[in-house]
Amino acid sequence: MRILIIEDEELLANSIKSLLTKKGFEVDVAYDGETGKEYAELGIYDLIILDIMLPKMDGYEVARRLRQKRIGTPILMLTAKGELEDRITGLNSGGDYYLTKPFDIRELLACINALLRRQGAHVDEVRLGNTVLDLSSAMLVCGDNSVRLSAKEFEVMRYLFQAGGKILSKEMILTKVWGYDSDAVENHVEVYIGFLRKKLTSIGSNVRIETARRLGYYLEVSEHDSKAAN
Ligand code: CA
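Residues numbered from 1 in each chain as written. Predicted model: local features only at pLDDT ≥ 70, side-chain atom pairs only at ≥ 80, totals over all residues. Heavy atoms only, no water.

Our focus in this paragraph is the side chain of Asn 206. Structurally, Asn 206 can be placed in the loop between helix H8 (186-202) and strand S10 (207-212). A distance of 3.0 Å separates a polar atom in the side chain of Asn 206 from the backbone nitrogen of Asn 130. (Helix = DSSP H or I, 4+ residues; strand = E, 2+ residues; numbered from the N terminus. Polar contact = N/O pair within 3.5 Å; in protein donor to acceptor, adjacent residues only side chain to side chain.)

Once that is clear, we can look at the sheet that holds strand S6 (residues 125-128). Across the sheet, four strands lie side by side as S6-S7-S8-S9; this open sheet has antiparallel pairing. Either end of the sheet is taken by a strand with one partner, and the two such strands are S6 and strand S9 (145-148). On average, each strand axis in the sheet is tilted by 20° relative to the strand beside it, whichever way the strands run. Sheet topology places S6 next to strand S7 (residues 131-134); four bridges connect them, and they run antiparallel. In the sheet register, Glu 125 faces S7, and the bridge partner there is Asp 134. (Pairing = 2+ DSSP bridges. Axes fitted to C-alpha atoms, helices over the stretch in contact; angles between N-to-C directions.)

Along helix H7 (residues 170-178), the positions that sit buried rather than exposed are Ile 173, Leu 174, Val 177 and Trp 178. Each buried residue of H7 sits inside an arc of 100° when the element is viewed along its axis, so together they form one side. Facing away from the buried side of H7 by more than 90 degrees, the exposed set consists of Glu 171 and Lys 176. For H7, the secondary structure elements touched by its buried residues are helix H6 (151-163), H8 and strand S11 (216-221). Looking at the residues trailing H7, positive phi occurs at Gly 179, about 90°. (Buried < 20%, exposed > 50% of the residue type's maximum accessible area, 1.4 Å probe, protein only. Arc of directions from axis to C-beta. Contact = heavy atoms within 4.5 Å.)

This next bit is on the coordination of the calcium ion. Bound to the calcium ion are the protein donor atoms Asp 8 (OD), Asp 51 (OD) and Met 53 (O), situated 2.1 to 2.3 Å from the metal. Mapping the donors of the calcium ion onto the primary sequence yields the spacing D-x42-D-x1-M. With Asp 8 in the loop between strand S1 (2-6) and helix H1 (10-22) and Met 53 in the loop between strand S3 (47-51) and helix H3 (59-68), the pair connects residues that are 45 residues apart, well separated along the chain. Residue classification places Asp 8 among the partly exposed residues on the basis of a relative accessible area of 29%. For Met 53, a relative accessible area of 52% translates into the label exposed. (Donors = N, O, S within 2.8 Å, 3.2 Å for Na, K, Ca; no water.)

Right, let's get into the sheet that holds S1. Reading across the sheet, the five strands line up as S2-S1-S3-S4-S5 and stay open at both edges, with parallel pairing between neighbours. This sheet does not close on itself; its edge strands, each paired only once, are strand S2 (26-30) and strand S5 (97-100). Each adjacent strand pair in this sheet contributes to an overall mean axis angle of 20°, direction not counted. Two strands pair when backbone bridges link them, and strand S4 (residues 75-79) and S5 are joined in this way by four bridges, in the parallel orientation. Looking across to S5, one finds that Thr 79 is bridged to Thr 100. Across the sheet, H1 touches S1, S2, S3 and S4, and the angle it forms with S2 is around 170°.

Across the interface, H1 lies against helix H5 (residues 105-117) with an axial gap of 12 Å and an inter-helix angle of 60°. Our classification of the angle between H1 and H5 gives oblique. Between H1 and H5 lies a crossing of right-handed hand. The residues of H5 that touch H1, namely those facing Ile 16, Leu 19 and Leu 20, are Ile 105, Leu 108, Leu 109 and Ile 112. Of the residues assigned to the contact of H1 with H5, the class counts are seven nonpolar, no polar and no charged. (Parallel < 35°, antiparallel > 145°, perpendicular 65-115°, else oblique. Left-handed = near helix turned anticlockwise from the far one by under 90°. Nonpolar A, V, L, I, M, F, W, Y, C, P; charged D, E, K, R; others polar.)

So yeah, pure geometry; function would need other evidence.
This is how it looks when you write it as structure tokens:
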């Protein structure tokens, strides 16, 4: 799934990009309307996130021109203005959905989800190798096999998935999952990593939790499904 963000506020554009990249999307960003329109006309995107107030060409105009060219990609419009009038202009120009800034990131994800669901896709899952972590049901899924994770297992697994192969120290995992005030110790992390390795193996996943000695853990996709987790 490929998403185009057309937004001139670089900080916002980049934070949406990094969020969606973690969710497994391929994301491109254009920082002005004209460039955005050119990207969008390629017709390769599953969704366009479009700001209204943009340099060179505003979001309404971008949407209108895309619809004129019969580009049917769903458009999620972002704007700092919240008046009903703007909302109507936005929808008339070809936007499918309208989100007022500042918005909650969960609200944004819900909108994206709703728009993509119409096309049969999901953002409530993360993928690696042959394995999917379903974020709504806390299930690890590999082909026809699946296994449910406990709350803590799920938090550890999600953190590892979202790190995208980067090494996470035991301390980082401990802080993220158990919190600063918890009595949990690094040994808890080791125990949960052990549980997760067993569960990954049990569903035939080719995702391995590798140990970086003294540094922590990271996920890797094994080329040999039969290789035992260490
Ligand atoms: Ca703007």
